[in-house]
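# Structural overview for review
Here is what each chain is made of, one letter per residue.
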Amino acid sequence: MSGAVVVGGGPVGLVAAILLKRKGFAVTLLERDSELGGLMRSLPVINGFEFDNGTRFVPRLGDARLDADALDPRENWLEFNQLPSGSFFAGRFQEATGFLDINGLSAPVRETVEAGYFDAGGSGEDTETVDEFLRGRFGAAALDQVLAPALTKITGLAPEELSPGVASLYGLSRLVMFTPQRTRELKTDPVHDARLAFHSRDEGAPSDPSRVFRYPGRGGIGHWAQRLETIAREEGVTIRTGLAAEKVEPGASGSARLALTDGSMIEADRLVWSVPGALLLRAAGALPPGPPPRMTSGLALYHAVVDRPFATKLFYITNYDPAFASYRVTLYPNVQGMPMREGQYHLTVEVILNAHRSEAPPSAQILDELARMGVLAPGTCVLAEAITHVRQGFPLPTPGLAAQQKAHGERLAELFPDTLVLGRGQAGAFFLRDALGEVVRALA
């Protein structure tokens, strides 16, 4: 039996390990952390409640058998074709859509932005930076008054330091502008249709019935990661935690020899690398010279249990307002249709740490923001709270990142032509559903 090694124990690594085992390989999975699951783990930081590392939903895996196995027991899983989300900007809570709504701006500023929108003409293609893209798409006023502050809040960088794709990545390629009726009129023109969002998620194209999101009816998203780990163990995958590949030597016909951080060695006839490809090049002593990618500093996660139902039925809210530290708010009882306990309602607030905001704000500030946003009902009291951190940041999409990833990919293809380098953070696979789709296409 041939031996395969999977490096990385997040969802991508777990799915790869299971699929390789089902293809007849003897599989060893290596994970640097003490637990598997990556960001899909749940956090039991308050007794009896499970919190996630921010807003997380399970996509379809693309492999029918594994998809069914991972949702066992099936009766505990909820399915959604649409995730009700809202947004907050310029003091305005928009419950009907998750797109950024400029109508909270003062009348003079809003009118300037709207006038600049028509002057822009919608040309934003073939640009190198997101400021050029957005200036051509929405106009200078929209960039200066709306989009640049929102992007700097999220990434810590100015728009001229970011690539055009960041607009779509953070939901800023369309805006809510004008009145609902005026928007409907404008969207009959394809040029405007590509730039404007309806004022309500119920308008426009229906949700894609093939796109399914799942969440446990009870508990957190970590139940899915735990189930994947259980399947891997039942299939006979050897799982070794607390270990990373310190050195990797490529061999013939796709084989590799790995020196681990505990001093041991492991041979792989087949290697699957589900963590950033730059780490494989570094372990092989072949990382090209050049600056490291610009990174966020991770996430600060504020978890709380409150004593009243939330003032909204939304699943989550994205806060684009640069005056607020909170970025995304997840309201678990709204997703699951009931509180975990009667009279107790839990939520998580994500704060992105970066050059713009490097430290977690105090919990009192986050609670005040939730009240000002309109998420918490008046008189709500906090019953319990905790703050956790995701220390690992993610690469920011700068103009140089795509070129660097391409150069890394070419070097990896030379050194490890038969090694699968998969996972989030690789070119074209920022979202988990895309990364899992790549794994299934490669190994199913």
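Up top you'll find the structure we're talking about.
In this report, we go over the structure that sits alongside the text.

Criteria and thresholds
- Residues numbered from 1 in each chain as written.
- Predicted model: local features only at pLDDT ≥ 70, side-chain atom pairs only at ≥ 80, totals over all residues.
- Heavy atoms only, no water.
- Helix = DSSP H or I, 4+ residues; strand = E, 2+ residues; numbered from the N terminus.
- Rg over C-alpha atoms; globule rule 2.2 N^0.38 Å.
- Buried < 20%, exposed > 50% of the residue type's maximum accessible area, 1.4 Å probe, protein only.
- Contact = heavy atoms within 4.5 Å.
- Areas by Shrake-Rupley, 256 points an atom, 1.4 Å probe, with all protein chains shown as cover.
- Lys, Arg positive; Asp, Glu negative; His and termini not counted.
- Charge placed at Lys NZ, Arg CZ, Asp CG, Glu CD.
- Phe/Tyr/Trp six-rings, centres within 6.5 Å; stacked < 30°, edge-to-face > 60°.
- 1 Å grid on protein atoms, 1.4 Å probe; cavity = no way out; pocket = protein on both sides within 12 Å on 5 of 7 lines; lining within 4 Å.
- Points joined across faces, edges and corners; volume = space filled by probe spheres on them.
- Expected span 1.5 Å × (residues − 1).
- Arc of directions from axis to C-beta.
- Pairing = 2+ DSSP bridges.
- Axes fitted to C-alpha atoms, helices over the stretch in contact; angles between N-to-C directions.
- Parallel < 35°, antiparallel > 145°, perpendicular 65-115°, else oblique.

### Focus on the overall build of the protein chain
- Check the secondary structure of the protein chain and you find 14 helices and 19 strands.
- Compactness check: the protein chain gives a C-alpha radius of gyration of 23 Å against a globular reference of 22 Å for 444 residues, within 12% of the reference.
- Based on the C-alpha atoms only, the size of the protein chain along its principal axes is roughly 70 × 55 × 40 Å.
- Counting all 444 residues of the protein chain, 52% fall into the buried class.
- Considering only residue pairs separated by 6 or more positions, the protein chain has 67% of its internal contacts joining residues 24 or more positions apart.
- In the structure as shown, the protein chain presents an accessible area of about 19000 Å², 50% of it carried by carbon and sulfur atoms.
- Here the protein chain holds 43 positive side-chain charges and 51 negative ones, and the gap between their average locations is 2 Å.

### Some remarks on the packing of aromatic side chains
- For the structure shown, the criterion picks out 10 aromatic pairs.
- Centroid distance F57 to F80: 6.5 Å. Interplanar angle 85 degrees. Geometry classified as edge-to-face. Of the two residues, F57 is situated in the loop between β4 (49–52) and α2 (64–70) and F80 in strand β5 (residues 77–80); the sequence distance between them amounts to 23 residues.
- Residue F57 is classed as buried on the basis of its relative accessible area of 14%.
- A residue is classified by how much of its surface remains accessible, and F80, at 15% relative accessible area, is buried.
- Considering the side-chain rings of F118 and F178, the 5.5 Å spacing of their centres and the 40 degrees angle between planes classify their relative orientation as tilted. Remark: F178 occurs in the loop between α6 (166–169) and α7 (180–186) and F118 occurs in helix α3 (residues 107–120); sequence separation between them is 60 residues.

### Describing empty space enclosed by the protein
- Counted according to the given criterion, the structure contains two cavities of 30 Å³ or more.
- Volume-wise, the largest cavity comes out at about 40 Å³.
- Lining the largest cavity are A300, L301, Y302, V351, A360, P361, P362, S363, I366 and I387.
- Secondary-structure elements contributing two or more residues to the lining of the largest cavity are β14 (298–306) and α12 (363–373).

### Considering α3
- For α3, spanning 14 residues, the distance from its first C-alpha to its last is 20 Å, which sits close to the expected 20 Å at 1.5 Å a residue.
- Residues of α3 that are buried: V113, E114, G116, Y117 and A120. Taken end-on, α3 shows its buried residues confined to a sector of 165 degrees, consistent with a single buried face. Opposite the buried face of α3, at more than 90 degrees from it, the exposed residues are P108 and D119.
- On its buried side, α3 packs onto α4 (130–138), α5 (140–155) and α8 (190–193).
- Positive backbone phi, at 80 degrees, marks G121, one or two positions downstream of α3.

### Topic: the pairing of strand β10 (residues 245–250)
- Pairing between β10 and strand β11 (residues 256–260): five bridges, direction antiparallel. Of the residues in β11, the one forming a bridge with K247 is A259.
- Between β10 and β11, which pair antiparallel in sequence order, lie five residues; one of them, S253, sits at a positive phi of approximately 55 degrees.

### Quick word on the sheet that holds β11
- Here three strands make up an open sheet; going across it, the order is β10-β11-β12 and the pairing antiparallel. In the strand order of this sheet, the two ends are held by β10 and β12 (265–268), each with one partner. The average angle at which neighbouring strand axes cross in this sheet is 20 degrees, direction not considered.

### Some words on the packing of α3 against α4
- Running from N to C, α3 and α4 cross one another at 95 degrees; their axes reach a closest spacing of 6 Å. One element, α3, and the other, α4, form an angle in the roughly perpendicular class. Of α4, the residues touching α3 (which contributes V113, G116, Y117 and A120) are R135, G136, R137 and F138.

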